[in-house]
Amino acid sequence: MSARNPGMDLDLEWVSKVRVNTQAVLKRAQQIQGRKVAKKQWQAAWLLKAVTCIDLTTLAGDDTPSNVHRLCMKATQPIRHDLLKSMDMHDKGVTTAAVCVYPSRVADAVKSLKAANSSLPVASVATGFPAGQTPLKTRLAEVQMAVEDGAAEIDIVINRTLALTGQWTALYDEIRQFREACGDAHMKTILAVGELGTFTNVYKASLVSMMAGENIRRRDQKCSLVLNSRNNITVGNLCSLELHHKKVLLFINHLFLHVDMHRDVMSILHHYTLSLIFSLFIIAKYIRVRGHGLLLLLLLLLLLF
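Residues numbered from 1 in each chain as written. Predicted model: local features only at pLDDT ≥ 70, side-chain atom pairs only at ≥ 80, totals over all residues. Heavy atoms only, no water.

Enquirer: Mind showing me how you'd approach the packing of aromatic side chains here?
Expert: Each aromatic ring pair is characterised by the separation of its centres together with the angle its planes make. Under the definition given, this model contains one aromatic pair. Residues Y102 and F129 carry aromatic rings whose centres are separated by 6.3 Å and whose planes lie at 65° to one another, so their mutual orientation is edge-to-face. Taken as a pair, Y102 in the loop between β2 (98-101) and α6 (106-115) and F129 in the loop between β3 (122-125) and α7 (136-148) lie far apart in primary sequence, 27 residues in all. Relative accessible area serves as the criterion here: at 25%, Y102 is assigned to the partly exposed category. (Phe/Tyr/Trp six-rings, centres within 6.5 Å; stacked < 30°, edge-to-face > 60°. Helix = DSSP H or I, 4+ residues; strand = E, 2+ residues; numbered from the N terminus. Buried < 20%, exposed > 50% of the residue type's maximum accessible area, 1.4 Å probe, protein only.)

Given below as structure tokens:
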């Protein structure tokens, strides 16, 4: 389990300066979708790695202790033994990353895993999942209950009303309280980006969540590390390190890397300038445009481009 993010003071000036280049985001998504996929043994290796990153989850209204028990057994051996043996991975301890349940089923999951002599952590959604519309006192009580029953990871959902109305200080304060209620447990933040309206809101909500002390970010419900497909985005979270007030803050950037965006913009401007100069040279040479006519032609080309 990774180290905790201690968080930092809310920097509203930083949040207010957030801007998102939507076209750059869409372009990056298309580039990633067009990349070649690993094949054969390399594909198998990546798929095995993906399994170890999954929280095997049941969040159904008809969950029972027996359902949770079966889920836990599946999490401890997610892939058939014969398949693992054929890849010489049968003795490598391949499991999922965790088991995820509602707070009321945490005790059942902990009991099942303990009986199976497994150290697999139990994660729990909380804070009024999935809508996050219950009173703050109730949401905090859910977190405390899950931790007391043995949850090692808490998946909170943010109050989307606060994000949509720009109440970033209030959102920060709520997440800080959830962080404190988690104690030694890791806290994950579910942004529900499909309900945040704009990429800018997603970016700001991510930033505020990190400042408040989240450890891991999630998209809608359990679809971790992928942006909302409803917005035609399949860009994974892109990581960068932001040095602020002499503290290193792990910024899982849902949108784009600033360096790459700068490179894309400079490439476009370079191509634009060369095309304009070349077109002007050809027209001036063959049509023999001179003086004010050349200036008017330049303005026309600027409008066309």
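Enquirer: Just to check I follow, could you spell out the nonpolar core for this structure?
Expert: Formed by 48 residues in total, the largest nonpolar core has its most connected members in V101 and I154. With residues near it in sequence (within four places) discarded, I154 still touches S124, A126, V143, A146, V147, C182, A185, H186, M187 and K188. Of all hydrophobic cores here, the second largest spans six residues; its members include C100, V125, V157 and I190. (Core = buried A, V, L, I, M, F, W, Y, C linked by side-chain atoms within 4.5 Å. Contact = heavy atoms within 4.5 Å.)

Enquirer: Sorry if this is basic, but what is going on with the environment of T165 here?
Expert: With respect to the helices and strands, the residue T165 is situated in the loop between α8 (160-164) and α9 (168-182). In sequence terms T165 and L196 are 31 residues apart; their C-alpha atoms lie 10.0 Å from each other. A distance of 2.7 Å separates a polar side-chain atom of T165 from the backbone oxygen of T161. A polar contact is formed between the side chain of T165 and the backbone oxygen of L162, at a distance of 3.4 Å. (Polar contact = N/O pair within 3.5 Å; in protein donor to acceptor, adjacent residues only side chain to side chain.)

Purely spatial values, then, with no claim about function.
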